[in-house]
Amino acid sequence: MKYWRIIVYVILALFLLSISVSVFAEEKVEFPTSGKQIRLIITHGVGGSVDTAARGIAPFLEKYLGVSVVTENMVGASGRRAMEYVFNAKPDGYTIVVSAFPSRLIGELLYEPNYKMKDFVHLGSWLGGDFRSVIVGKNSEYQSFQELMEAGKTKTLKAAGGGGLGSTSQLQTVFLKEKVGMNVDFIPFDSTAEVANMVIGKHVDFGVMPLSSSLRFRAQGDVNIVAIHASERSKAAPNVPTLKELGYEGVVIPYGVGAWAPPGTAKEIQDIYANAITKAVEDPDFLAWAEKTKVLLDPMGPEEFLQTTLNDYENILSVLDLLKTCLLYTSDAADELDGVDLGGRRI
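In this text the structure is predicted, and so the values were computed from the model without any measurement.

Draft legend 1. Here's a closer look at the side chain of arginine 216. You can see arginine 216 is positioned in helix α8 (residues 211–219). No salt bridge forms around the buried arginine 216; measuring N to O, its nearest opposite-charge neighbour aspartate 130 is 7.2 Å away. A polar side-chain atom of arginine 216 sits 3.5 Å from the main-chain carbonyl oxygen of threonine 293. If we skip the residues at most four places from it in the chain, arginine 216 touches Gly48, Ser49, Thr52, Thr293, Lys294 and Val295.

Below is the structure:
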């Protein structure tokens, strides 16, 4: 009888083991599947810094994931429309979003949209080591940051920034207004390409954008960079002074671009993307593209990327009241400038 009991226990154990193996096999993630395509949603318009970063890495993700990657610009609400869309998408890995940070977190804290940045599955980032910059047109009457400050003593300057409301451009202008003491109003646009056009066309006094974007427009002979929001000079622009060395403290603003997947996306899918991004940023052809387009690279894996988001919460919350009280240039006044509708609006 004792032996029969042992045999029954053994059979029961084997049965339970077979069930667990079966469940494990069913839960195994098969990603990506041949023949399916990945939608890479871009939060801002064509030609901007986010669009450039997304379209630059897309063919390399396609190369290392082995499936088609289709880019799609989903413009609206300063990036929040696209973030909400992906946040509520099916977490199967086939819909991801590319955007800038900490811009999307600023939008979350200012406007309380239907997403939380910390709840997204962080796949990784590739642009980084970048900082916000101040640009003027090549033929502008102002060719230094000091000249802009001097001009602001007698009039309200107009600054154009990409990313719209709730963006790093808005944060940068708030810093210039409240911490540097510049007499300036912010005019939001969707992309850095639009900002450059406004600066070059002298519809605004200056523009604010990532240094990597400024370097591209400077290389085309269209703009001059007069300052960067960094603690030390950039190797990519060694002749451009930092606001810190010009005497302004507490105005360092880093900038990067990364990718996120909907909450609930499997860890296996996150790891597959992280591996593909790592291979992409090490690919010689991608590095050549980055050099040609003046993109600054400082990749982060999922864990570091998530920790950066969590750290940014504290940093942005410290200036949230300033962001909420920032006065924006109105479209009515904008229309008076050379008949150009600059699209600005007041919060």
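Draft legend 2. Representation of α8 in the model. Burial within α8 is extensive, with 7 of its 9 residues counted as buried. The set of residues buried in α8 consists of Leu211, Ser212, Ser213, Ser214, Leu215, Arg216 and Phe217. On the buried face of α8, the contacting elements are α2 (49–65), β4 (121–137), α7 (192–200), β7 (206–210), β8 (223–228) and α10 (284–293). Looking at the residues trailing α8, positive phi occurs at glycine 221, about 80 degrees.

Draft legend 3. Broad picture of the packing of aromatic side chains. Under the criterion given, the structure shown has 9 aromatic pairs. Aromatic pair phenylalanine 101 and phenylalanine 305: ring centres 5.2 Å apart, planes at 55 degrees, arrangement tilted. Here phenylalanine 101, found in strand β3 (residues 95–101), pairs with phenylalanine 305, found in helix α11 (residues 302–317); they are 204 residues apart in sequence, far enough to count as distant. You can call phenylalanine 305 buried: its relative accessible area is 1%. Aromatic side chains tryptophan 260 and phenylalanine 305 sit 5.1 Å apart centroid to centroid with 40 degrees between the ring planes, which places their arrangement in the tilted category. Of this pair, tryptophan 260 sits in strand β9 (residues 254–261) while phenylalanine 305 sits in helix α11, placing them 45 residues apart in sequence. Comparing tryptophan 260 with phenylalanine 305, the two get one shared label, buried. Site record: aromatic cluster; members linked through ring pairs are Phe31, Tyr94 and Tyr273. The residue whose ring lies beneath lysine 36 is tyrosine 94, and the NZ or CZ to ring-centre distance is 4.0 Å. Its guanidinium or amino end placed over the ring of tyrosine 111, arginine 80 lies 4.0 Å from that ring's centre, counting from NZ or CZ.

Draft legend 4. Main features of the nonpolar core. One finds Phe120, Phe145, Leu148, Leu176, Met182, Phe206 and Leu323 to be the most contacted residues of the largest nonpolar core, which totals 47 residues. No other element matches helix α6 (residues 168–180), which puts 5 residues into this core. Filtering out sequence-adjacent residues up to four positions away, phenylalanine 120 remains in contact with Met83, Val86, Phe87, Val97, Tyr115, Trp260, Ala261 and Pro263. The next biggest cluster of nonpolar side chains, apart from the first, holds 36 residues, and it includes Leu61, Ala100, Leu123 and Leu127.

Draft legend 5. Spotlight on the packing of helix α4 (residues 103–111) against α6. The contact between α4 and α6 brings their axes to 8 Å, and the two run at 80 degrees. The angle between the axes of α4 and α6 places the two elements in the roughly perpendicular class. In this structure, α4 contributes Ser103, Ile106, Leu110 and Tyr111 to the contact, and α6 contributes Thr168, Gln170 and Leu171. Grouping the amino acids of the contact of α4 with α6 by side-chain chemistry returns 4 nonpolar, 3 polar and no charged.

Draft legend 6. A look at empty space enclosed by the protein. By the definition in use, this model includes 2 cavities of 30 Å³ or more. Taken as a whole, the largest cavity holds about 140 Å³ of empty space. As for the largest cavity, its lining consists of 20 residues, and the residues nearest its centre are Ser49, Val50, Gly162, Gly163 and Tyr255. If you list the elements that add at least two residues to the lining of the largest cavity, you get α2, α4 and α6. Broken down by class, the residue content of the lining of the largest cavity amounts to 4 nonpolar, 12 polar and 4 charged. Here the second largest cavity is characterised by a volume of approximately 50 Å³. Around the second largest cavity, the lining residues are Phe101, Pro102, Arg104, Leu105, Met117, Trp260, Thr309 and Asp312. Elements represented by at least two residues in the lining of the second largest cavity include exactly α4 and α11. Among the residues making up the lining of the second largest cavity, the classes are represented as 5 nonpolar, 1 polar and 2 charged.

Draft legend 7. Seen up close, the pattern of salt bridges. On inspection of all chains with the given rule, the structure shows 9 salt bridges. We note a salt bridge from arginine 233 to glutamate 245, for which the minimum N-O separation is 2.7 Å. Here glutamate 245 lies in the loop between β8 and β9 and arginine 233 lies in the loop between β8 and β9, a separation of 12 residues in the sequence. Residue classification places arginine 233 among the partly exposed positions, given a relative accessible area of 38%. Residue glutamate 245 is classed as partly exposed on the basis of its relative accessible area, which comes to 43%. The residue aspartate 271 makes a salt bridge to lysine 267 at a minimum N-O spacing of 2.7 Å.

About the thresholds
Residues numbered from 1 in each chain as written. Predicted model: local features only at pLDDT ≥ 70, side-chain atom pairs only at ≥ 80, totals over all residues. Heavy atoms only, no water. Helix = DSSP H or I, 4+ residues; strand = E, 2+ residues; numbered from the N terminus. Buried < 20%, exposed > 50% of the residue type's maximum accessible area, 1.4 Å probe, protein only. Lys, Arg positive; Asp, Glu negative; His and termini not counted. Salt bridge = Lys/Arg side-chain N within 4 Å of Asp/Glu carboxyl O. Polar contact = N/O pair within 3.5 Å; in protein donor to acceptor, adjacent residues only side chain to side chain. Contact = heavy atoms within 4.5 Å. Phe/Tyr/Trp six-rings, centres within 6.5 Å; stacked < 30°, edge-to-face > 60°. Lys NZ or Arg CZ within 6 Å of the ring centre and 35° of its normal. Core = buried A, V, L, I, M, F, W, Y, C linked by side-chain atoms within 4.5 Å. Axes fitted to C-alpha atoms, helices over the stretch in contact; angles between N-to-C directions. Parallel < 35°, antiparallel > 145°, perpendicular 65-115°, else oblique. Nonpolar A, V, L, I, M, F, W, Y, C, P; charged D, E, K, R; others polar. 1 Å grid on protein atoms, 1.4 Å probe; cavity = no way out; pocket = protein on both sides within 12 Å on 5 of 7 lines; lining within 4 Å. Points joined across faces, edges and corners; volume = space filled by probe spheres on them.

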